[in-house]
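Now for the letters of each chain:
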Amino acid sequence: MGVVDKFGLPKPISSVFNWARSYSLWYFQFGLACCAIEVMAVSGPRHDFMRLGIIPLPASPRQADFMIVAGTVTDKMAPSVKRLYDQMPEPKYVISMGSCSNSGGPYWDSYSVTKGVDQLIPVDVYVPGCPPRPEALQEGIILLQKKIRGEDMKEKWLEVQTEPI
Amino acid sequence: MVNALDPQNMNRFSEASVSVEIETEDMTLNIGPQHPSTHGVLRLVAKVDGEKVHDVKPVLGYMHRGYEKLAEVRSYPQITTLVNRIDWVAGFSNEIPFIAGAERLMEIDVPERAKHIRLILTEMARISSHFVFNGAYALEVGALTPIFYAMEDRERVLDLIESVTGGRFHPNFNRIGGVKPAAGAGPTSKKNIQDLPAGFYRDTKVAMEKVIQAADQFQNLIGGNEVFKKRTKNVGVLTAETAEAYGVSGPILRASGVKSDLRTQTDYLPYDQFDYDIPVGENGDCYDRWDVRVKEMVESAKIVLQAIDSMPSGPLQTKVPKVIKVPKGRTYVRAENPKGEMGYYIVSDGGLGPYRLKVRTASFSNVSILPIMLEGALLPDLIAIMGSLDFVLGDVDR
Amino acid sequence: MEEFFNKIKESFQDATLEFETINIKVDSAEWIEVHKKLRDELNLKFFSWLSAIDWDNEVSVGEAPKESVSPSFEIITCLSDLANTNLVTVSTSISKSEPNIKSLIEVYDGANWHEREAYEMFGINFENHPNLEKLYLPDGYEGNPMLKSFELISREVKPWPGEVDVEGMPEESESGESADG
């Protein structure tokens, strides 16, 4: 898209794109531990995130828009996390849910736990809690949607090209 | 020129028999650590010959957090907060045997009211764990709707647990010597005793009636379904001798015909005051394992209804010193968790924390029979058998 | 519990009953025979778990034992009976410099994974085990984590910030019932 690189998109068009993108997010299931049960509860009938637009749950990273890392990341699992993140196509976002993936959590002194998933992949939204309430996760998703709506397409694409793969 | 599409020629081609030996070799299929299910990060390396699986090697350790080492640097109340994340679906029931072990070594008595409250919350944790199993197992076998019903029913039970303890499934509600004063009961002050919230009895009665109705609905909707029966009957049969030698416990053992329930042996919770059945299966296949758990939900709801009717009054916690030091000794305490037998072996040296804490989890022994049960199974049956064992990776890897 | 304990004491003189747990201390040379006897004669067919304790005077995590002990590994198994739910723990000691013991796999099938875990965490070698390899830790991990001499690096770098006891324990009020504090 050479046009976007050089001239940038005018505001109305980019806001339409961003609005469409933020309301049809597909998320990649990456439930590791207890927080995964909370993600299942968020997708249940009581707290429903399908009304925010996250309808199908693709099991494959190639079709996903963002990834919720829910649960403890251990050193044995860390290469898989990085590999799955790399398989997702751009533009992609990461929500780190729960204190285990924010910074190691209650296992901060363990010999086999990665102290936070942001040591491996860049994170956009941190949701604290152990486990966070479903309403807290919904707020995290809404914050992510706000962030997407405020994005500038030109910077996002240029950033991709200069980033090493 | 022979036209191959001419009908007369087709007959000629079909008569010639093809007798070529096609060389096949087994494919190694990696059912990787990330997969869409509740179990978590379990990796199976399976050798597949067509559709038959014949050599399954589970690779564990993707959720190993080092509980036993962490327990050596923490004090007893701190370990309580750590321990209910082992089996993360039924959080409350992991704390109970550990606290009971510490109380046994300190030789203190727990007041009756605290014992009743602990029993009610344990049974509610059991109900919520079996709801997750029901919904997720139906999802794995192929039905998409039951999981939403199960999640909705489970929310009601979690609301009750939250109104008492303040947390949905990691409550940290037990204290050495009793339970913590309840969360949702109003402002704290020295004169007021914080106890169970107002309306707890009424809400619990309503919720338990709905649990019994929901279990009935599951029996009819899923258990009576022809497709479900075809997929689960006579699939993954486990005999009682194999189960005993491997240390398999809980609903899996009861589905194989052994009537053994540790709730009759726990003296630190008053199960002997209540009237309940122990459901036992006949064949030991996947259908029996599912059936036993649905019936257990109903029994747990009945226990809770009886318990709230006969709740004694009294203090919530005995007096314990400010800094808890457990005297020297060693003991093994076990309990009937929703997944099986869970036990803690505490070796105490008189310090702030244990010298060695060994956590015996149910799912670790349950998963060790996977290589035997999956021998010769078809690939879709592998999913059904793994789902029916109902393990959670936090339990397996600790 | 009492009658079962008496029955055990007839066969094994070294059995003790403390805190409702029966413990039998045996020599490591008789490990397999004792288990066979317990399985066949006393009907303890349910294999619950197998683990080890590292007794040492210098510890890098936690507190050292109050009385000094001779450094050794203590291996413990727990067996139970499904019909009556009797429970027995069997323990033995082996030396730290040559940690070898026979594997229980010929007596109980379920000892397979438990022994692999003990091998990985403590470095104990089980003879005649079919595949003694790592269970939990990633490939290339060095060291045996559960040994008392294994340090937790995060604790060395930064001590735990919450050393202060923030909440007081509940105190008695005049009526004698416990109130919240």
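The following refers to the structure shown. (Residues numbered from 1 in each chain as written. Chains lettered and ligands numbered in written order. Predicted model: local features only at pLDDT ≥ 70, side-chain atom pairs only at ≥ 80, totals over all residues. Heavy atoms only, no water.)

Remarks on the interface of chain C and chain B
Now for step 1: Across the boundary between the two partners, chain C contributes 63 residues, which contact 64 residues of chain B.
Now for step 2: Around 5400 Å² of area is buried between chain C and chain B when both sides are counted, 55% of it from carbon and sulfur atoms.
Now for step 3: The interface formed by chain C and chain B contains 4 salt bridges.
Now for step 4: Here Glu 117 of chain C makes a salt bridge to Arg 398 of chain B, at a shortest N to O gap of 3.1 Å.
Now for step 5: Secondary-structure elements contributing two or more residues to the side of chain C that touches chain B are strand E2 (21-25), strand E3 (46-55), strand E4 (72-80), strand E5 (87-95) and helix H3 (111-122) of chain C.
Now for step 6: By residue number, the principal contributor to the side of chain C that touches chain B is E3 of chain C, which donates 10 residues. (Contact = heavy atoms within 4.5 Å. Buried area = accessible area lost by both parts, 1.4 Å probe. Salt bridge = Lys/Arg side-chain N within 4 Å of Asp/Glu carboxyl O. Helix = DSSP H or I, 4+ residues; strand = E, 2+ residues; numbered from the N terminus.)

Details of the sheet that holds strand E2 (residues 43-49) of chain B
All names here are of chain B.
Now for step 1: Ordered by their spatial adjacency, 3 strands build an open sheet running E1-E2-E3, and the pairing between neighbours is antiparallel. Every other strand in the sheet has two partners, leaving strand E1 (27-31) and strand E3 (52-59) as the edge strands with one partner each. Adjacent strand axes in the sheet meet at a mean angle of 25 degrees when their direction is disregarded.
Now for step 2: Inspection of the sheet shows E2 paired to E3 by 7 bridges, in the antiparallel sense. When the bridges of E3 are listed, Val 48 appears paired with Val 53. (Pairing = 2+ DSSP bridges. Axes fitted to C-alpha atoms, helices over the stretch in contact; angles between N-to-C directions.)

Digging into the pairing of E5 of chain C
Residue and element names in this part refer to chain C.
Now for step 1: Along E5, 7 of the 9 residues are buried, which leaves the element largely enclosed by surrounding structure.
Now for step 2: Here E4 pairs with E5 via 9 bridges, running antiparallel. Looking at the pairing, Leu 79 lines up with Val 88 of E5. (Buried < 20%, exposed > 50% of the residue type's maximum accessible area, 1.4 Å probe, protein only.)

Regarding a nonpolar patch on the surface
Residues and elements named next belong to chain A.
Now for step 1: On the surface, a cluster of nonpolar side chains totalling about 270 Å² of accessible area is made up of Ile 13, Val 16 and Phe 17.
Now for step 2: Inspection of the secondary structure puts Phe 17 in helix H2 (residues 11-22).
Now for step 3: On the accessibility criterion, Phe 17 (43% relative accessible area) is partly exposed. (Patch = residues over 30% accessible without salt bridge, like charges linked within 9 Å, V, L, I, M, F, W, Y side chains within 5 Å. Areas by Shrake-Rupley, 256 points an atom, 1.4 Å probe, with all protein chains shown as cover.)

Description of the environment of Ser 260 of chain B
Now for step 1: Looking at the element boundaries, Ser 260 of chain B is found in the loop between helix H10 (251-255) and helix H11 (286-309).
Now for step 2: Judged by relative accessible area, which is 9%, Ser 260 of chain B ranks as buried.
Now for step 3: With 20 residues separating them in the primary sequence, Ser 260 of chain B and Val 280 of chain B have C-alpha atoms 8.9 Å apart.
Now for step 4: Setting aside its immediate chain neighbours within four residues, Ser 260 of chain B contacts Arg 254 of chain B together with Leu 82 of chain C.

Things to note about the interface of chain B and chain A
Now for step 1: Each partner contributes residues to the interface: chain B has 36 residues there, and chain A has 35 residues.
Now for step 2: Around 3000 Å² of area is buried between chain B and chain A when both sides are counted, 61% of it from carbon and sulfur atoms.
Now for step 3: Inspection of the region where chain B meets chain A yields 4 salt bridges.
Now for step 4: Residue Arg 168 of chain B pairs with Glu 38 of chain A through a salt bridge whose shortest N-O separation is 3.2 Å.
Now for step 5: Viewed at the interface, chain A and chain B are joined by 14 residue pairs in polar contact (both at pLDDT 80 or more).
Now for step 6: Of all the secondary-structure elements, those providing two or more residues to the side of chain B that touches chain A are helix H2 (67-71) and helix H6 (146-165) of chain B.
Now for step 7: For the side of chain B that touches chain A, the leading source of residues is H6 of chain B, giving 9 residues.
Now for step 8: Of the residues in the side of chain B that touches chain A, the class split is 18 nonpolar, 7 polar and 11 charged. (Polar contact = N/O pair within 3.5 Å; in protein donor to acceptor, adjacent residues only side chain to side chain. Nonpolar A, V, L, I, M, F, W, Y, C, P; charged D, E, K, R; others polar.)

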